[in-house]
Amino acid sequence: MSFKFYKTAMSVLLISTITVTTTEAAIGQLTTVASVNVVSAQQLKNFSQVENIFNEYQYEMDGWDGSNVYTKKDADQRLTSNLNNVIASGISAEEIQAVMENRIINPAKKNEYRQVVESLKIQNASNEKIAKATISFMSDSS
């Protein structure tokens, strides 16, 4: 085998190896980029809107001393109404659930909330039913 032929064969082998390696790296990068969650401006707006509803409810419950049942009932009704309004405006039940889960600090309560939502999903409950369970959980946790 001549040196020129050997040099050509090695060059072809090197170029094909670089091409395959580069292609594999590019595929790996695409996979990595595809798995990254990109949050849109609309999702941030939705999150903020739902967060404000829960903040308002929490503020009302922080001021409630437990003596006037109508105060809690009124706050619960406003919470339900406000969440129904944002659902009607196009905010998904999943977005509401994500905000709710992020608000729960106590690990035991967070686990309990996840179990409630997961059990409803296993039962093929509608998004509206899951949203109502979220409202109920929020109300019972206050």
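For every chain, the first residue of the written sequence is number 1, and numbering continues from 1 onward in sequence order. Residue-level local features of this predicted model are given only where pLDDT is at least 70; pairs of side-chain atoms are given and counted only at 80 or more, and the full residue set underlies all totals for whole chains, interfaces and linings. Only heavy atoms go into the side-chain values, all of them from the structure, while hydrogens and water stay out.

Counting its secondary structure elements, the protein chain contains six helices and zero strands. Ordered by position from the N terminus, the helices and strands of the protein chain form the series α-α-α-α-α-α. Counted over contacts in the protein chain with a minimum sequence separation of 6, partners at least 24 positions apart contribute 66%. The numbering of helices and of strands both runs from the N terminus, where a helix is a DSSP run of H or I of at least 4 residues and a strand a run of E of at least 2. A contact between two residues is defined here by any heavy atoms of the two lying within 4.5 Å.

Let us now look at the packing of helix 2 (residues 41-62) against helix 4 (residues 93-103). One way to put it is that helix 2 packs onto helix 4 with a least axis distance of 9 Å and a crossing angle of 55°. Regarding the angle of helix 2 to helix 4, the classification is oblique. Considering only the axes of helix 2 and helix 4, their crossing is right-handed. Every residue of helix 4 that contacts helix 2 at Gln43, Asn46, Phe47, Val50, Glu51, Phe54, Asn55 and Gln58 is listed here: Glu95, Ile96, Val99, Met100, Asn102 and Arg103. To get an axis, fit a line to the C-alpha atoms, keeping to the stretch in contact for a helix; angles then go from 0 to 180 degrees between the N-to-C directions. Between 65 and 115 degrees an angle is taken as roughly perpendicular, under 35 as roughly parallel, over 145 as roughly antiparallel, and anywhere else as oblique. Two helices cross in a left-handed way if the nearer one is turned anticlockwise from the farther one by less than a right angle. They cross in a right-handed way if the turn is clockwise.

A word on the confidence of the model for the protein chain. Summing up the model confidence of the protein chain, the mean pLDDT is 76 and the portion of residues at 70 or higher is 71%. The model gives residues 16-27 a pLDDT under 50, and that stretch makes zero contacts with residues more than four places away or in other chains. Here residues 29-35 scores under 50 on pLDDT; set against residues more than four positions off or in separate chains, the count is zero contacts. A score between 0 and 100, pLDDT records how confident the predictor is in each residue.

Another aspect to go through is the pattern of salt bridges. Think of a salt bridge as a Lys or Arg side-chain nitrogen and an Asp or Glu carboxyl oxygen that are within 4 Å of each other. By the definition in use, this model includes seven salt bridges. Measuring nitrogen to oxygen at the nearest pair gives 2.8 Å for the salt bridge that ties Glu51 to Arg103. Residue Glu51 is found in helix 2, and its partner Arg103 is found in helix 4; the two are separated by 52 residues along the sequence. Between Lys121 and Glu118 there is a salt bridge; the shortest N-O distance is 4.0 Å.

So, about the nonpolar core. Put simply, a nonpolar core is a bunch of buried Ala, Val, Leu, Ile, Met, Phe, Trp, Tyr and Cys residues held in one set by side-chain atoms that sit within 4.5 Å of each other. Think of it in three bands: with a 1.4 Å probe and only protein chains considered, a residue is buried below 20% of the maximum accessible area for its type, exposed above 50%, and partly exposed in between. Judged by nonpolar contacts, the single largest core of 23 residues is most densely connected at Val50, Phe54, Leu79, Leu83, Val86, Ile96 and Met100. Among the elements of the structure, helix 2, helix 3 (69-88), helix 4, helix 5 (107-122) and helix 6 (127-141) are those that each provide at least two residues to this core. Excluding residues that lie within four positions of it along the chain, Leu83 makes contacts with Val50, Ile53, Phe54, Ile96 and Ile135.

When two helices pack together, their arrangement is given by the angle between the helix axes and the distance between those axes. The interhelical angle for the contact between helix 4 and helix 5, taken along N-to-C directions, is 160°, at an axis separation of 9 Å. With respect to helix 5, the axis of helix 4 lies roughly antiparallel. Of the two possible hands of crossing, helix 4 and helix 5 adopt the one that is left-handed. For the pair helix 4 and helix 5, contact is made by Gln97, Met100 and Glu101 and by Lys110, Tyr113, Arg114, Val117 and Lys121, respectively. The residue makeup of the contact of helix 4 with helix 5, split by class, is three nonpolar, one polar and four charged. In this classification, the charged set is Asp, Glu, Lys and Arg, the nonpolar set is Ala, Val, Leu, Ile, Met, Phe, Trp, Tyr, Cys and Pro, and all remaining amino acids, among them Gly, are polar.

With respect to the helices, strands and loops of the structure, Ser67 is situated in the loop between helix 2 and helix 3. Among the residues examined, Ser67 registers a relative accessible area of 57% and is labelled exposed. A polar contact is formed between the side chain of Ser67 and the side chain of Asp65, at a distance of 2.6 Å. Counting of polar contacts relies on pairs of N or O atoms within 3.5 Å, with two restrictions inside protein: one atom must be capable of donating a hydrogen and the other of accepting it, and residues adjacent in sequence are counted only when both atoms are side-chain atoms.

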